[in-house]
Amino acid sequence: MLDSEFNVEGVTSELMLASGVLWTAVLGLGLAGYWFVALLVSVFLFHPWFIIGASSNGTISTKLLVYPLGIWTVLQLSAFVLTEYYSNAFAGGSPAFLVTGMHPSFAAVYWLYWVGGFMTITLGYGIYFRKHFLPEGEWDRFLEEVERVNAESERREADEAVEVRNR
């Protein structure tokens, strides 16, 4: 199941539309005073861009959707839920304990959102991204395409220069 590919080419417009809808939802929820729900929805803003950006030749490996994207999502949602829980639990007072020297609500953000998210994305790049985003030979094909485009551009510029001289 994880060795399959998800075709992104046919849904790119829908993903970009979803991104706009999510931004609008976050803004609307925040303005309406539902900041916590807006914060949870904001976690999913990254998904359309990740799926489009991590695709190669119009597909994305299902492995990339599970790790790092799925794990990253769980870490972000966990951080925000724990932050909400501990900030409400200790509202107006101080906790009797600290987590690595920090208020439990901030420790959740620090360890899960920042450190956990950063490590997940970084390790995901090292483990999967090179294999699934830039498979063997893809870089060489890209360089050949750049050379072809440059040659066409130079040929066009030369043709235009000849045409200007002939006038």
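Presented here is a report on the structure given in the accompanying data block. Remember, predicted model here, so these are calculated numbers, not experimental data.

### Overview of the side chain of Ser55
Turning to step 1, where the next piece is worked out: For Ser55, the location among the structural elements is in the loop between α3 (46-53) and β2 (59-61).
Turning to step 2, where the next piece is worked out: The class of Ser55 is buried, set by a relative accessible area of 16%.
Turning to step 3, where the next piece is worked out: Within the structure, the side chain of Ser55 is placed 2.7 Å from the backbone oxygen of Ile52, a separation counted as a polar contact.

### Here we look at the packing of aromatic side chains
For any pair of aromatic rings, the description consists of the separation of the ring centres together with the inter-plane angle of the planes.
Turning to step 1, where the next piece is worked out: Within this structure, the stated rule accounts for 13 aromatic pairs.
Turning to step 2, where the next piece is worked out: Between Tyr86 and Phe97, the aromatic rings sit 6.3 Å apart at their centres with planes inclined by 75°, giving edge-to-face as the arrangement. Residue Tyr86 is located in helix α4 (residues 62-89), and its partner Phe97 is located in the loop between α4 and α5 (104-133); the two are separated by eleven residues in the primary sequence.
Turning to step 3, where the next piece is worked out: Residue Tyr86 is classed as partly exposed on the basis of its relative accessible area, which comes to 23%.

### Section: the packing of helix α1 (residues 12-31) against α3
Turning to step 1, where the next piece is worked out: Remark: α1 packs on α3, axes separated minimally by 8 Å, with the N-to-C direction vectors making an angle of 155°. As judged from the angle between their axes, α1 and α3 are roughly antiparallel. In this structure, α1 crosses over α3, and the sense of that crossing is left-handed. For the pair formed by α1 and α3, the contact residues are Thr12, Leu15, Met16, Ser19, Leu22 and Trp23 on the first element and Pro48, Trp49, Ile51 and Ile52 on the second.
Turning to step 2, where the next piece is worked out: Looking at the contact of α1 with α3, its residues break down into eight nonpolar, two polar and no charged.

### A word on the pattern of salt bridges
Turning to step 1, where the next piece is worked out: Taken as a whole and assessed by the stated rule, the structure comprises two salt bridges.
Turning to step 2, where the next piece is worked out: A salt bridge links Lys63 to Asp3; the nearest nitrogen and oxygen atoms lie 3.1 Å apart. Here Lys63 is found in helix α4, whereas its partner Asp3 is found in the segment before β1 (5-7), with 60 residues between them in sequence.
Turning to step 3, where the next piece is worked out: We note a salt bridge from Arg148 to Glu152, for which the minimum N-O separation is 3.0 Å. Of this pair, Arg148 and Glu152 both sit in helix α6 (residues 138-166), four residues apart, roughly one helical turn.

### Structural notes on a negative patch on the surface
Turning to step 1, where the next piece is worked out: A contiguous patch of negative charge, built from Glu136, Asp140, Glu144 and Glu147, is present on the exposed surface.
Turning to step 2, where the next piece is worked out: Looking at the element boundaries, Glu136 is found in the loop between α5 and α6.

### Structural notes on α4
Turning to step 1, where the next piece is worked out: Its 28 residues place the ends of α4 38 Å apart at the C-alpha level, agreeing with the 40 Å of an ideal helix rising 1.5 Å per residue.
Turning to step 2, where the next piece is worked out: Along its length, α4 shows its largest kink, about 35°, at Leu69.

### Digging into the packing of α3 against α4
Turning to step 1, where the next piece is worked out: Put simply, α3 and α4 touch, their axes get as near as 12 Å, and they point 160° apart. One element, α3, and the other, α4, form an angle in the roughly antiparallel class. The chirality of how α3 crosses α4 is right-handed. Taking contact as the criterion, the partners of Phe46, His47, Phe50 and Ile51 in α3 are, on α4, Leu64, Leu65, Pro68, Leu69, Trp72 and Thr73.

### A few points about the nonpolar core
Turning to step 1, where the next piece is worked out: One finds Val8, Leu15, Phe36, Val43, Phe50, Ile51, Ala54, Ile60, Leu64, Leu69, Trp72 and Phe80 forming the largest nonpolar core, which totals twelve residues.
Turning to step 2, where the next piece is worked out: Where this core is concerned, the elements lending two or more residues are α3 and α4.

### Thoughts on α1
Turning to step 1, where the next piece is worked out: Taking 1.5 Å of rise per residue, 20 residues should cover 28 Å, and α1 covers 29 Å from first to last C-alpha, within 8% of that figure.
Turning to step 2, where the next piece is worked out: Where α1 is concerned, the buried positions are Leu15, Ser19, Leu22 and Val26. Along the axis of α1, the buried positions cluster into a sector of 65°, meaning they face one direction only. Among the exposed residues of α1, those oriented more than 90 degrees off its buried face are Ser13, Leu17, Val21, Thr24, Leu27 and Leu31.
Turning to step 3, where the next piece is worked out: The elements touched by buried residues of α1 are α2 (35-42) and α3.

Conventions used here
- Residues numbered from 1 in each chain as written.
- Predicted model: local features only at pLDDT ≥ 70, side-chain atom pairs only at ≥ 80, totals over all residues.
- Heavy atoms only, no water.
- Helix = DSSP H or I, 4+ residues; strand = E, 2+ residues; numbered from the N terminus.
- Buried < 20%, exposed > 50% of the residue type's maximum accessible area, 1.4 Å probe, protein only.
- Polar contact = N/O pair within 3.5 Å; in protein donor to acceptor, adjacent residues only side chain to side chain.
- Phe/Tyr/Trp six-rings, centres within 6.5 Å; stacked < 30°, edge-to-face > 60°.
- Axes fitted to C-alpha atoms, helices over the stretch in contact; angles between N-to-C directions.
- Parallel < 35°, antiparallel > 145°, perpendicular 65-115°, else oblique.
- Left-handed = near helix turned anticlockwise from the far one by under 90°.
- Contact = heavy atoms within 4.5 Å.
- Nonpolar A, V, L, I, M, F, W, Y, C, P; charged D, E, K, R; others polar.
- Salt bridge = Lys/Arg side-chain N within 4 Å of Asp/Glu carboxyl O.
- Patch = residues over 30% accessible without salt bridge, like charges linked within 9 Å, V, L, I, M, F, W, Y side chains within 5 Å.
- Areas by Shrake-Rupley, 256 points an atom, 1.4 Å probe, with all protein chains shown as cover.
- Lys, Arg positive; Asp, Glu negative; His and termini not counted.
- Charge placed at Lys NZ, Arg CZ, Asp CG, Glu CD.
- Expected span 1.5 Å × (residues − 1).
- Bend = angle between axes of the 7 residues up to and from the residue.
- Core = buried A, V, L, I, M, F, W, Y, C linked by side-chain atoms within 4.5 Å.
- Arc of directions from axis to C-beta.

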